[in-house]
Amino acid sequence: MQFPNDDNGELLAEIAAAGVDLTQMQNIDFYILFEQADDAKRFISAIGKDELAPKTQLQQCPDTGVWEVITTVTMVPMHELLSQTEQYLESIANGYEGYGDGWGLMASEE
């Protein structure tokens, strides 16, 4: 499988090399960071109304104090779709002083 030469393409290549079937639906976690808990909570409220991302969780990094919202989206992890979803979530987060910090995929064990 060929992937574009960018951060998302490199991550997809690593995931594929680890044996994850990228043609199947996967739970993808998108990470959005906030300096203030109130901003993170407002983002969660806004994104919670969106059918794309109904599952979110909030946690604070014990080392930096930064608040992290993890938004889980179930999708087939295609490069273009991942990039578009990442941009979409970041565009909403920007309105609440948040910024994207990438995405990850936890492969289910069968």
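Check the entry above for the structure.
Each residue is numbered by its place in its chain's sequence as written, counting from 1. For a predicted model such as this one, the threshold for reporting local features is a pLDDT of at least 70, and the threshold for listing and counting side-chain atom pairs is 80 or more; totals across whole chains, interfaces and linings nevertheless cover every residue. Only hydrogens and water are set aside; all other atoms, that is, all heavy atoms of the structure, feed into the side-chain values.

### Quick word on helix α1 (residues 7-17)
Taken together, the buried positions of α1 are occupied by N8, G9, L12 and I15. Down the axis of α1, the buried side of the element spans an arc of 125 degrees, and every buried residue falls inside it. Structural note: α1 exposes D7, E14 and A17 on the side pointing more than 90 degrees away from its buried face. Here, two residues are considered to be in contact whenever any of their heavy atoms come within 4.5 Å of each other. Secondary structure counts use DSSP, requiring at least four H or I residues in a row for a helix and at least two E residues in a row for a strand, with both numbered from the N terminus. Packed against the buried residues of α1 are α3 (79-94) and β4 (98-105). For the purposes of these results, a polar contact is taken to be a pair of N or O atoms within 3.5 Å, where, inside protein, one atom must be able to donate a hydrogen and its partner to accept one; residues adjacent in sequence count only when each atom of the pair is a side-chain atom. By the N-cap criterion, in which a side-chain oxygen at the helix start approaches the backbone nitrogen of a residue two or three places on, α1 is capped by D6, the distance to N8 being 3.3 Å. At the C-terminal side of α1, G19 shows a positive phi close to 95 degrees. Only protein chains enter the accessibility calculation, which uses a 1.4 Å probe; a residue is then buried when its area is under 20% of its type maximum, exposed when over 50%, and partly exposed in between. This arc is built from the directions going out from the helix axis to the C-beta atoms.

### Focus on the pattern of salt bridges
A carboxyl oxygen of Asp or Glu within 4 Å of a side-chain nitrogen of Lys or Arg is what we treat as a salt bridge. All chains considered together, the criterion is met by one salt bridge. With its nearest N and O atoms 2.5 Å apart, the salt bridge here joins R42 to D39. A residue pair is termed a helical-turn pair when its members lie 3 or 4 positions apart in one helix, as R42 and D39 do in helix α2 (residues 37-48) at three residues. Accessibility expressed as a relative area gives 44% for R42, which makes it partly exposed. Looking at D39, the relative accessible area reads 12%, which means it is buried.

### A look at the sheet that holds strand β2 (residues 55-60)
In short, DSSP must find at least two bridges between two strands for them to pair. With antiparallel pairing, the four strands of this open sheet are ordered in space as β2-β3-β1-β4. Lying at the two open borders of the sheet, with one neighbouring strand each, are β2 and β4. Neighbour-to-neighbour, the strand axes of the sheet open up by a mean angle of 25 degrees, direction not taken into account. Here nine bridges tie strand β1 (residues 26-34) to strand β3 (residues 67-75), and the two strands are oriented antiparallel to one another. Counterpart to L33 in the pairing with β3 is E68. Every axis in this analysis is a line fitted to C-alpha atoms, fitted for helices over the stretch in contact. Angles between the N-to-C directions lie between 0 and 180 degrees. Helix-sheet contacts for α3 involve β1, β3 and β4, and the interaxial angle to β1 is about 30 degrees.

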